[in-house]
Amino acid sequence: MKRYFDKDFWWGAATSGPQSEGRFNKKHANMFDYWYEVEPDAFFDNVGPDVTSNFYNSYKDDIALMKSIGLNSVRTSIQWSRLIDDLELGTLNQDAVDFYNDVIDEFIKNDIKPIINLHHFDLPVELYHKYGGWESKKVVDMYVLFAKQCFKLFGDRVKDWFTHNEPIVVVEGEYLHEFHYPKLVDGKKAVQVAYNLNLSSAKAIKEFRSLGLDKDGGRIGIILNLTPTYPSSNESKDLEAAEFAELFNNRLFLDTAAHGEFPAKLVEILRKDNVLWESTDSELKIIKENTIDVLGVNYYHPNRVKAPDVSPNSVGAWLPDRYYDEYLLPGRRMNIDRGWEIYPKALYDIAMNIKENYNNIPWFVSENGMGISNEENFMSEDGVVQDDYRIDFINEHLIYLHKGIEEGSNCFGYHLWTPIDCWSWVNAYKNRYGLISNNIHTQIKTIKKSGYWFKEVTELKCIED
Ligand code: BG6
């Protein structure tokens, strides 16, 4: 069966500044630049973000390649640590202004809609060392200065803006599960950081509207990795575990961004556990009044949970994990290289959840993708990666997305992670996700089989079951 998508559907791909540009000409180091300086072997094969796919120098050729595979929209981010000269004052680095102006113009010249995200895990590290980073409301205000500069400089041409990418990953990686620098385990700080990230998003949205960009065809939202939670059984203890996981991992950001309120049940639990964030009435008013226009959803794998082995009340320092344990579904389909379950139906569940519980807000799949190691093993003699596994993966996800759209969910696009193989946090170049391969030694970029296939899909605006 053929499944057709709307003629204006966004067919695109996503990357971020720090993962594609390289460190060239940056005045400030971000959290990962710094971490790589002090602990290079924390990164796969000791490869850091210094060059990555060299977008800073090769953006014209890269954008031409993106156009050649039919992308009509591409998301990247503006690096705070590149654009801003004095972080406290929010003054500009003119080289960076010129660079981002050129990049945006080049996208537009190639009929690719530029979608801009402001923060993708890349806090300037000195703000962490001086103020505790997102733990501090002073840093929230510095981020708003950066956001305002971006809106003023590029808002005439960029119409779709996002405040953060996957903010829960900052909370988890930096403050709970030790997978990103500074690798703390501190539930109380984690909760404050989650609050501050939500506050920063609402404050940036307020600036966007006070500059009148919403009146000029502009929209602003947030990008969340909405990993749907599935309980291991229908027993009440497993259902309760799943409810908490959903509250903490998804609704902490989604409800706040879309409805302007933190989920009452989560607030009640955090208050009872004595870890609730510090907030003021005026901040909560800003959050209430500055909800998103649009939502980006990153989806890779489901989250399956069961009741924890230890009772929530009987453990030491507070961590959200005390309320649930991970559950591995027997017989699950896996992307073994990445260690993630493959479950395309979740995209349909996400579509219905947004339709039913979030006023059917306009949204798009802002990331989905399949990371594969040693992809050169799948390269044919002409250098083209024969990534049929990626084609199948995308197609299956699009089928479920299409079902959701047919049933009325307001989804307007699909972006794959990523256009050109790029560097990733910690995993560096281990997992390749691109429609275009990048040899990190020679910087030779070659369209993969999936890139040619994706081009056809964008032309036909159609997939097949
Ligand atoms: C997403 C992030 O969650 O996962 C991207 O937004 C990241 O920035 C992608 O690169 C893939 O991550 P990894 O670790 O599999 O390379």
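Details of the structure are given in the entry above.
What this report covers is the structure whose coordinates are included nearby. Since the model is a prediction, treat every value here as computed from it, not as a measurement.

### Side note on the sheet that holds strand E10 (residues 325-326)
Reading across the sheet, the three strands line up as E7-E9-E10 and stay open at both edges, with mixed pairing between neighbours. Taken across any chain shown, the strands that pair with only one partner, and hence form the sheet edges, are strand E7 (229-231) and E10. Taken together, the two bridges between strand E9 (residues 303-306) and E10 define a ladder with antiparallel strand orientation. Residue pairing across strands places Lys306 opposite Asp325, the latter belonging to E10. Sheet strands touched by helix H10 (residues 236-259): E7 and E9. Its angle to E7, the strand with the most contacts, is close to 170°.

### Some details on the pairing of strand E13 (residues 363-367)
Most of E13 sits inside the fold, with five of its five residues counted as buried. Judged from the four bridges that link them, strand E8 (residues 294-298) and E13 form a sheet pairing that is parallel. Opposite Leu295, over in E13, you have Trp363 as the bridge partner. Two elements, E13 and strand E14 (residues 411-417), share two bridges in a ladder whose sense is parallel. Within E14, the residue paired with Val365 across the bridge is Tyr414. Each parallel crossover has a hand, and for E13 linked through helix H14 (residues 388-406) to E14 it is right-handed.

### With respect to the site of the ligand
Inspection of the region around the ligand gives 13 residues, with Glu166, Gly371, Ser424, Asn427 and Asn431 positioned closest. Classifying every residue of the shell around the ligand gives one nonpolar, nine polar and three charged.

### Some words on unusual backbone geometry
Omega for the bond connecting Tyr181 with Pro182 falls within 30 degrees of zero, at 10°, which places this linkage in the cis form. Tracing the sequence through the fold places Pro182 in the loop between helix H8 (167-175) and helix H9 (187-210). With an omega of 20°, the peptide bond between Trp417 and Thr418 qualifies as cis. Following the sequence through the fold, Thr418 ends up in the loop between E14 and strand E15 (436-438). With phi around 50°, Asn360 is a residue other than glycine that occupies positive phi space. Tracing the chain through its elements places Asn360 in the loop between helix H13 (345-357) and E13. Positive phi values are uncommon outside glycine, yet Val426 reaches one of about 65°. Its location among the elements puts Val426 in the loop between E14 and E15. Taking the C-beta count within 10 Å as the criterion, Val426 has 15 such neighbours and is therefore assigned partly exposed.

### Here's the deal with helix H2 (residues 31-38)
Buried within H2 we find Met31, Phe32, Asp33, Trp35 and Tyr36. On its buried side, H2 packs onto helix H1 (17-20) and helix H6 (125-131).

### As for the sheet that holds strand E5 (residues 160-165)
The strand order around the closed barrel built from eight strands is E2-E3-E4-E5-E6-E8-E13-E14, with neighbouring strands paired in parallel fashion. Mean inter-strand twist for the sheet, computed between neighbouring axes without regard to direction, equals 25°. The sheet contact formed by strand E2 (residues 10-14) and E14 spans five bridges and is parallel. The partner of Ala13 across the bridge, within E14, is Leu416. On the sheet, H14 packs against E13 and E14 and is oriented at approximately 165° with respect to E14.

### Considerations on the packing of H9 against helix H12 (residues 281-289)
Across the interface, H9 lies against H12 with an axial gap of 8 Å and an inter-helix angle of 60°. Viewed along their axes, H9 and H12 form a crossing whose handedness is left-handed. Counted together, Asn198, Leu199, Ala202, Lys203 and Lys206 of H9 and Glu283, Ile286 and Ile287 of H12 form the full contact between these two elements. Residue classes in the contact of H9 with H12 are distributed as four nonpolar, one polar and three charged.

### Things to note about H10
Since the α-helix packs 3.6 residues into each turn, any two residues three or four apart lie on the same face. For H10, spanning 24 residues, the distance from its first C-alpha to its last is only 28 Å, which falls clearly below the expected 34 Å at 1.5 Å a residue. Approximately 60° is the largest bend angle found in H10, and it occurs at Arg251. Two residues or fewer after H10 comes Gly260, characterised by a positive phi angle close to 80°.

About the cut-offs
Residues numbered from 1 in each chain as written. Predicted model: local features only at pLDDT ≥ 70, side-chain atom pairs only at ≥ 80, totals over all residues. Pairing = 2+ DSSP bridges. Helix = DSSP H or I, 4+ residues; strand = E, 2+ residues; numbered from the N terminus. Contact = placed C-beta atoms within 7 Å. Axes fitted to C-alpha atoms, helices over the stretch in contact; angles between N-to-C directions. Buried ≥ 20, exposed ≤ 12 C-beta atoms within 10 Å, placed from the backbone. Right-handed = clockwise from strand over helix to strand, strands pointing away. Near = placed C-beta within 6 Å. Nonpolar A, V, L, I, M, F, W, Y, C, P; charged D, E, K, R; others polar. Left-handed = near helix turned anticlockwise from the far one by under 90°. Expected span 1.5 Å × (residues − 1). Bend = angle between axes of the 7 residues up to and from the residue.

None of this, on its own, says anything about what the molecule does.
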